[in-house]
Structures are given as structure tokens and as C-alpha cells.
Amino acid sequence: MLSFWEEKEFTPYDFIVVGAGITGLSTAAVLAETQPNRRILVLERGLLPTGASTKNAGFASFGSLSEIVTDLRNMPEHEVFNLVKLRYEGLQKLQARISQKQMNMDMWGGYELLSEHEVLFLDHISRINDLLRPIFSDDVFRIVDDKIKEFGFSKKQVKRMLFNPFEAQLDTGKLMWNLLNYVSSRGVVILTGCELQSFEDTGRKVYLKVKNPYAEEPIWFNAPKVAFCTNAFTKKLIPTLEMEPGRGQVIVTTPINNLPFHGNFHFGEGLYYFRNVGNRVLFGGGRNLDFNNEKTTQLSTTELIINDLETKLQEIILPNQSYEITDRWSGIMAFSKVKKTIVQMHSQNIALGVRAGGMGMALGSAIGEQIAQLLLE
Ligand SMILES: Cc1cc2nc3c(=O)[nH]c(=O)nc-3n(C[C@H](O)[C@H](O)[C@H](O)COP(=O)(O)OP(=O)(O)OC[C@H]3O[C@@H](n4cnc5c(N)ncnc54)[C@H](O)[C@@H]3O)c2cc1C
């Protein structure tokens, strides 16, 4: 049972954000910046943020040529353009809060490796460069085949290569650590180990039930306005939402002497990605090998996908290097047939900002702004 004091001081807030990923923290940041005297709480189920934001590859990217061409087959041109623009704007907003230095942002650009059957994507390069010119004021994609040899990739598997000078890479851990600090330095209370179990919007206030491990009764936090930024895990709270979880698995190598490349690299139409982290290589992807079983919220790795990553790493990316794999992990994303984040009111006082897809680090700050606006309207 809560005391009179606890009930009065610890449970009511002006705004509560559920989920301490990049979307939730960005929402809390906008609220703290625009409403400095309000009481703001972030509730996070994990002891650390436990979804995708601390587990991703750290690409500050907008989409590879093949991804954009594939999107154009499924979406109207203006929606594809707006999505790229939103990712670009999200990264600008992020840098207004967290400096490039604070998140070790390196502007090495991004590359796409094209196999024999993917070279047809090059037919679209002019059209896509024209489409994106209003955002970047220059050609985004350029052919750099001479780099295939320079970077030591398998010439049998990699036939052509593209370069995008506008991509950057960042240190995901530093970014999220600094964003957490930014938000708490503005007076936001962040409580971890607090899983939202159920909720009720009475029309006047929203009540959020959180299990209290050291008491028989749960704690009911409450606020007039609440945001759910729980991405792939939102279906547990709102089962009718149209979205599916998608697990991403990742490996990291030991340091490699004279690693011949720096930057972000994509292949397999965006299904595989790798980058240097200092002189190590981080490599992820492979959901396509087992799409159905990877539609899970379980944070574990599988032999099938880790073995595939290890084989491709050795055969395509580092054919002449010796190294070991030191780290393997997974994170959970949220997808649907429509490539669009859900930013809308769920009920009178609850806003949703969920289904961030595979480039949510770019989108997070822009989406956070839209969610905060919904709460403030
Ligand atoms: C392996 C991998 C690589 C990726 N690489 C990139 C990349 O290079 N670039 C890029 O832009 N994007 C990348 N992404 C995607 C990106 O990480 C996500 O789109 C983004 O992190 C989503 O942020 P979010 O805050 O919306 O969700 P999340 O980071 O998942 O945050 C949701 C938070 O809500 C919490 N939560 C859930 N349910 C509850 C509850 N009931 N109560 C309280 N808290 C709850 C979770 O614990 C979690 O911390 C990658 C993702 C993965 C998995």
C-alpha cells in the first residue's frame, strides 16, 4: 500500500511517456524543452532501454538505392520522398540536442554492394538522384566500382558499388547515454524496471498500472496526457494495432589490423548491413532467412542467422582477414506492410508513436516532436 506522501508526490505527473527508446526520450525532450515547469515521467520496463534503440547498428542513414527503388514499387513517389525527408530532418533535430562529438558521429558516407542480379538497380540512379535533389541539393548516389578492390571485398560476389556521401555513423551507446542525460538534466524523471501492464483513460486522466515487486498492490501512475512509445511491444497493450515485431541479429569482430574500409555498407536490398566500429566490423541482418520465426519480441539469437552472418562476413566482406567474433546480440524492430510510423491519438488523452521500422534512429527525433505536438494540442 502506498503512503499518503507517496500517493501525493510520486504518482501524479503532467505528462507520462512510456518507453525510453529514442522515440520516448525525444518526446520527453520536446516536452521538457517547451514545458519546463511541468512534471514529466518516463516509464521504462527494462533496467536499461530494452527494445532497439541501444541495440542497433548506428547508421545515420536514409535508405540505399535498392531500398528506395523497392519502396517506389509499393508506395506513391511523394510518400517515399517524405519518408527520406523525415529521416533527414530527424537526424538534424537529433544533432541539435546531442553534438556530433557526444555521439562519435563520423561522416564517412554509405556504400551499397550490388551482386550480379542486383546491378539492374543502377538503371534507376538518375531518377532517384533527381527525386532526392530537393533534400540534398546534389546527387546522393554515385558509382564507385574501383572501391570494391580497394576495400578487399569478394570480386566474385560484389559486381558494382555505390557511394552516398550523406550517410554517417554514430556510437549508439553514447547517443542513448547522452540523450538520457539530456532529458534527466531537464528535470524529467526516468524510472526503469517499470513495465506498464494495463491502462485506463477516464477522459480526464490516464491511469497506468505498474507492478510493484516489493508490494502486493501495483502502483497507479497518472497524468492528464500520456504517450506510448513502446514500438514493437505495443501490441501487448493494444492488440488491434497493425504491426509485427521483427528481430535483428548482429555480430562484432575482434579488431582487424589495417582494416581497409570505413563507413556504412548495405547489401541484399537493405537486408544486410555492416560498418566499421574503430577497426572492428559490426555486421547484421539475415531476417529474410527465417522471416516467420524472426517475427518475435524475444531478445535472443539463433544459430541459423548467426551462422549465415559469420559465413557472409568471411566470404564477401573479409575474405582475406583473420579475426574472431566477440559479440552477438539482437534487438526488436516493428514493421507493417505500410512503411509508416503510427503517430496518432489512441484515445482522448493517449498518443501513440510506434512502428518505427528499420531506420528509427534517423526518425526518432522527428517523430518525438510530432507526438509531443499531439499531447500539447
Ligand atoms: C539490430 C538492429 C539494427 C538497427 N540498425 C539501425 C540503424 O543502423 N539505423 C537506424 O536508424 N535504425 C536502426 N535500427 C532500428 C532502430 O533501432 C529502431 O527503429 C528505433 O530504435 C526504434 O526506437 P523506439 O524508441 O521507437 O523503440 P525502442 O527502442 O524499441 O524503444 C521502446 C522502449 O519501450 C520499452 N517498453 C516496451 N513495452 C513497455 C511497457 N509495457 N512498459 C514500459 N516500457 C516498455 C522497451 O523496453 C523499449 O526500451 C536497428 C534495429 C535493430 C534491432
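Nothing here was measured: the structure is a model prediction, and the numbers come from that model.

Caption draft 1: Structural detail: the overall build of the chain. For the chain, the count of helices and strands is nine helices and 19 strands. The C-alpha atoms of the chain give 22 Å as radius of gyration, which agrees with the globular expectation for 377 residues (21 Å, within 12%). Expressed along its principal axes, the backbone C-alpha trace of the chain runs to roughly 70 × 45 × 40 Å. Looking at the chain as a whole, 45% of its 377 residues are labelled buried. Within the chain, counting contacts between residues at least 6 apart in sequence, those at least 24 apart form 74% of the total.

Caption draft 2: Representation of the sheet that holds strand E11 (residues 219–223). Spatially, E9-E10-E11 is the arrangement adopted by the three strands of the open sheet, whose pairing is antiparallel. For this open sheet the edge positions go to strand E9 (196–201) and E11, each flanked by a neighbour on one side alone. Averaged over all adjacent pairs, the angle separating strand axes in this sheet is 25°, with direction ignored.

Caption draft 3: How the structure looks around the site of the ligand. Around the ligand, the structure places 42 residues, and the nearest of them are Gly19, Gly21, Gly51, Gly331 and Gly360. Of all the elements in the fold, those that place two or more residues in the shell around the ligand are helix H2 (22–34), strand E13 (244–253), strand E17 (325–335) and helix H9 (360–376). Among the elements that take part in the shell around the ligand, H9 stands out by supplying four residues, more than any other. Mapping the shell around the ligand onto the domain boundaries places at least three of its residues in each of domain 1 (4–54 + 174–242 + 338–376) and domain 2 (107–169 + 244–335).

Caption draft 4: Spotlight on helix H8 (residues 303–317). Here H8 spans 20 Å end to end across 15 residues, near enough to the 21 Å set by a 1.5 Å rise per residue. Among the residues of H8, Ile305, Leu309, Lys312, Leu313, Ile316 and Ile317 are the ones counted as buried. Here the buried residues of H8 occupy an arc of 105° about the axis, which is enough to place them on one side. Exposed side chains of H8 directed beyond 90 degrees from the buried face belong to Glu303, Asn307, Thr311 and Glu315. Among the structural elements, E13, strand E15 (272–277) and strand E16 (280–285) are those in contact with the buried residues of H8.

Caption draft 5: Summary view of the domain arrangement of the chain. When its domains are assigned, the chain resolves into domain 1 (4–54 + 174–242 + 338–376) and domain 2 (107–169 + 244–335). On a C-alpha basis, the centres of domain 1 and domain 2 stand 32 Å from each other. Listed per partner, the contact involves 10 residues of domain 1 and seven residues of domain 2. Along the lines of polarity and charge, the residues of the side of domain 1 that touches domain 2 split into five nonpolar, four polar and one charged.

Caption draft 6: Up close: the nonpolar core. Ile16, Val18, Leu25, Ala28, Leu43, Leu208 and Ala227 are the most contacted members of the largest nonpolar core, which has 103 residues in total. In terms of residue count, H9 provides more of this core than any other element does, eight residues in total. Both domains that furnish three or more residues to this core are identified here as domain 1 (4–54 + 174–242 + 338–376) and domain 2 (107–169 + 244–335). Excluding residues within four positions of it along the chain, Ile16 makes contact with Leu41, Leu43, Leu208, Phe221, Ala223 and Val226.

Caption draft 7: How the structure looks around the pairing of strand E1 (residues 15–18). The side-chain alternation of E1 yields two buried faces, one formed by Phe15 and Val17 and the other by Ile16 and Val18. As defined by bridge partners, E1 adjoins strand E2 (residues 40–43) across four bridges and the pair is classed as parallel. Counterpart to Phe15 in the pairing with E2 is Ile40. Two elements, E1 and strand E12 (residues 225–228), share four bridges in a ladder whose sense is parallel.

Caption draft 8: Quick peek at the packing of H2 against H9. At a minimum axis separation of 7 Å, H2 and H9 run at an interaxial angle of 40°. As judged from the angle between their axes, H2 and H9 are oblique. Both H2 and H9 take part in a crossing whose hand is right-handed. Residues Ile22, Thr23, Ser26, Thr27, Ala29, Val30 and Leu31 of H2 pack against Gly360, Met361, Gly364, Ser365, Ile367, Gly368, Glu369, Ile371 and Ala372 of H9. Its residues placed into classes, the contact of H2 with H9 shows eight nonpolar, seven polar and one charged.

Definitions and limits used
Residues numbered from 1 in each chain as written. Predicted model: local features only at pLDDT ≥ 70, side-chain atom pairs only at ≥ 80, totals over all residues. Helix = DSSP H or I, 4+ residues; strand = E, 2+ residues; numbered from the N terminus. Rg over C-alpha atoms; globule rule 2.2 N^0.38 Å. Buried ≥ 20, exposed ≤ 12 C-beta atoms within 10 Å, placed from the backbone. Contact = placed C-beta atoms within 7 Å. Pairing = 2+ DSSP bridges. Axes fitted to C-alpha atoms, helices over the stretch in contact; angles between N-to-C directions. Near = placed C-beta within 6 Å. Domains from an automatic or database assignment. Expected span 1.5 Å × (residues − 1). Arc of directions from axis to C-beta. Nonpolar A, V, L, I, M, F, W, Y, C, P; charged D, E, K, R; others polar. Core = buried A, V, L, I, M, F, W, Y, C linked by C-beta atoms within 7 Å. Parallel < 35°, antiparallel > 145°, perpendicular 65-115°, else oblique. Left-handed = near helix turned anticlockwise from the far one by under 90°.

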